[in-house]
Amino acid sequence: MAAVYLEILKEDSRTKARLGKLHTPHGTIDTPVFMPVGTQGTVKTMTPEEIKEIGAGMILSNTYHLFLRPGHELVREAGGLHRFMNWDGAILTDSGGFQVFSLGDMRTIREEGVEFRSHIDGSRQFLSPEISMQVQMSLGSDVVMAFDECAPYPCTHTYAKDSLERTTRWLKRCKETLTTTDTQSLFGIVQGGMFEDLRRQSAAEITELDLPGYAIGGLSVGEPKDIMYEVLDYTVPLLPREKPRYLMGVGSPDALIEGVMRGIDMFDCVLPTRIARNGTALTRFGKVIVRNAGSARDFGPIDPSCDCYTCRNYSRAYIRHLLKAEEILGLRLMSIHNLRYLQILMHEVREAIKEDRLPEYREKCFSDYGYE
Ligand SMILES: CNc1nc2c(CCc3ccc(C(F)(F)F)cc3)c3[nH]c(N)nc(=O)c3cc2[nH]1
Ligand SMILES: [Zn+2]
């Protein structure tokens, strides 16, 4: 059995949702799962104990950032990323391709790999499938993402086709670089832009390598949500039923539910922690901009139905005061709440699948939250 594998407990009768368990060398995680993002080896402002307390069993980190700083050799000397950051749960690392495009400057893609300037010190850097695999093995992550190119949105059919074909060639190089054991943690990434024929081509080429899991990349890159859902409608069924499916970079509460209904098992998004730090809280009745004047004399919790440390002990008024005063505790309390909120949401989604009432749960969520 692969190092990482999905155990499907139930398939929903009316949607493509699955209830499952993702088995990894660092624990078993209930799916569908939302994974907090820990870009530089930390989920910003949170200790590992707090990440565990909000219910997360798997976090994300990044080849691009750790390669540039502190360097993957240093992390390897420290005993790997789990030891370095004192996290004994599961870690999925992205391959660096996406970050080069969204963060790096002056980048040049070649068949060999990608040249770019570090966003930290402007130095010339180079990432390739081989280097990305070396870095991820040094980090010791439980799920290794293939080195891919996330095609920009919008882009031409020709660009998307050339790009996905290179991504397939890069995936083969990733697989060849990894030892047989480490290949059991390698997830391929399906590309193809917003073009059905190209998504079909990419899915066929990527799944041919018979990997332990597959991600759908190239989405949540600025396209309208209904286009993303349409791409999922025809791409997810092309992936093997028994393997975990990871939708990269998604997402907001509504997109999580829509993704689950289309058969996605794993999600990540920087949004909840990022908006937390700028004073916006997620609640079941919609977003609350805690830093706004409206919360100045609101002595109740962010969300009365939330069981997190923040909602049990602090008022919106106090948190607003901290944010206005630029007190670090404000950032921490907001992050704890937003991450706990998404863990509660995913728990409720899993319960709804278990009890065959996911479509009804979606309706209630959408009306409470005020989605269109
Ligand atoms: C926000 N939208 C989006 N994010 C996307 C991501 C990044 C996901 C990620 C992983 C790790 C971290 C870390 F900070 F925790 F490390 C942060 C973000 C993609 N990543 C790859 N490889 N291919 C894609 O095609 C792709 C498409 C993506 N759309
Ligand atoms: Zn809360």
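All values reported here derive from a predicted model rather than from experimental measurement. Every chain is numbered independently, its residues counted from 1 as its sequence is written. Chain letters and ligand numbers both follow the written order, the letters beginning at A and the numbers at 1. It should be noted that, the model being predicted, local features are given only for residues of pLDDT at least 70 and side-chain atom pairs only at 80 or more, the latter also being counted only at that level, while totals for whole chains, interfaces and linings use all residues. Derived side-chain values reflect all non-hydrogen atoms in the structure, with water molecules and hydrogen atoms excluded from consideration.

Caption draft 1: Summary view of the packing of helix α10 (residues 225-235) against helix α11 (residues 253-261). It is at 10 Å that the axes of α10 and α11 come closest, and there the two elements cross at 20 degrees. Here α10 is positioned roughly parallel relative to α11, judged by the angle of their axes. For the pair α10 and α11, the sense of crossing is right-handed. Residues Lys225, Met228, Tyr229 and Leu232 of α10 form the contact with α11, whose own contacting residues are Asp254, Ala255, Glu258 and Gly259. All axes here are fitted lines through C-alpha atoms, helices being fitted over the stretch that makes contact, and every angle between N-to-C directions spans 0 to 180 degrees. The numbering of helices and of strands both runs from the N terminus, where a helix is a DSSP run of H or I of at least 4 residues and a strand a run of E of at least 2. Roughly parallel refers to an angle under 35 degrees, roughly antiparallel to one over 145, roughly perpendicular to one between 65 and 115, and oblique to any angle outside these ranges. Throughout, a crossing is termed right-handed when the near helix is turned clockwise from the far one, and left-handed when it is turned anticlockwise from it by less than a right angle. Residue contacts are defined here by distance: any two heavy atoms, one from each residue, within 4.5 Å place the two residues in contact.

Caption draft 2: Region of interest: the site of ligand 1. We call a residue near a molecule or strand as soon as one heavy atom of that residue lies within 4 Å of the molecule or strand. Taken together, 21 residues are adjacent to ligand 1, and Asp94, Asp148, Gly218, Leu219 and Ser220 come closest. At 2.7 Å, a side-chain N or O of Asp148 approaches a nitrogen atom of ligand 1. Residue Gln191 places a side-chain N or O atom 2.9 Å away from an oxygen atom belonging to ligand 1. Among the elements of the structure, β5 (58-62) and α5 (97-102) are those that each provide at least two residues to the shell around ligand 1. With three residues, the single largest contributor to the shell around ligand 1 is β5. Along the lines of polarity and charge, the residues of the shell around ligand 1 split into seven nonpolar, eleven polar and three charged. Polar contacts, as used here, are pairs of N or O atoms within 3.5 Å; protein pairs need one atom able to donate a hydrogen and one able to accept it. Residues neighboring in sequence count only if both atoms are side-chain atoms. Classes in brief: Ala, Val, Leu, Ile, Met, Phe, Trp, Tyr, Cys and Pro nonpolar; Asp, Glu, Lys and Arg charged; the others, Gly included, polar.

Caption draft 3: Structural context of the coordination of the zinc ion (ligand 2). Here the coordinating atoms are restricted to nitrogen, oxygen and sulfur within 2.8 Å of the metal centre, or 3.2 Å for Na, K and Ca, and because water is not among them the sites may look incomplete. Looking at the zinc ion (ligand 2), the protein donor atoms are Cys306 (SG), Cys308 (SG), Cys311 (SG) and His337 (ND1), and they sit 2.1 to 2.3 Å from it. Around the zinc ion (ligand 2) sit four donor atoms, and with donor-metal-donor angles ranging over 100 to 120 degrees the site reads as tetrahedral. Binding-site remark: the zinc ion (ligand 2) is held by donors from one chain whose sequence spacing is C-x1-C-x2-C-x25-H. Of the two residues, Cys308 sits in the loop between β16 (286-289) and α13 (309-313) while His337 sits in helix α15 (residues 328-354), which places them 29 residues apart along the sequence. Here a site with four donors is tetrahedral if all angles are between 85 and 135 degrees, and a site with four or six donors is square planar or octahedral if opposite donors are over 155 degrees apart and the other angles are between 65 and 115; anything else gets the irregular label.

Caption draft 4: Just the pattern of salt bridges, in detail. What makes a salt bridge here is a side-chain nitrogen of Lys or Arg within 4 Å of a carboxyl oxygen of Asp or Glu, nothing more. Overall, the coordinates contain 28 salt bridges when judged by the stated rule. For the salt bridge of Arg169 with Glu111, the shortest nitrogen-to-oxygen distance reads 2.8 Å. Here Arg169, found in helix α7 (residues 157-177), pairs with Glu111, found in the loop between β7 (105-109) and β8 (114-117); they are 58 residues apart in sequence, far enough to count as distant. As a salt-bridge pair, Arg166 and Glu149 come within 2.9 Å of each other at their nearest N and O atoms. Of this pair, Arg166 sits in helix α7 while Glu149 sits in the loop between β10 (143-145) and α7, and the two are 17 residues apart along the sequence. Accessibility assignment for this pair places Arg166 and Glu149 in one class, buried. Burial here depends on accessible area, computed with a 1.4 Å probe over protein chains only, as a share of the maximum for the residue type. Under 20% is buried, over 50% is exposed, and the range in between is partly exposed.

Caption draft 5: Focus on the sheet that holds β10. When DSSP finds two or more bridges between a pair of strands, those strands are recorded as paired. The strand order β4-β14-β13-β12-β11-β10-β6-β5 describes an open sheet built from eight strands, whose pairing is parallel. A strand with exactly one partner marks an edge of an open sheet, and here the two such strands are β4 (33-35) and β5. Pairs of neighbouring strands in the sheet enclose a mean axial angle of 25 degrees, with direction left out of account. Two strands pair when backbone bridges link them, and strand β11 (residues 186-190) and strand β12 (residues 213-216) are joined in this way by four bridges, in the parallel orientation. Opposite Gly188, over in β12, you have Tyr214 as the bridge partner. The strands that helix α6 (residues 129-139) touches are β6 (90-94), β10 and β11; relative to β10, the one it contacts most, it runs at about 160 degrees.

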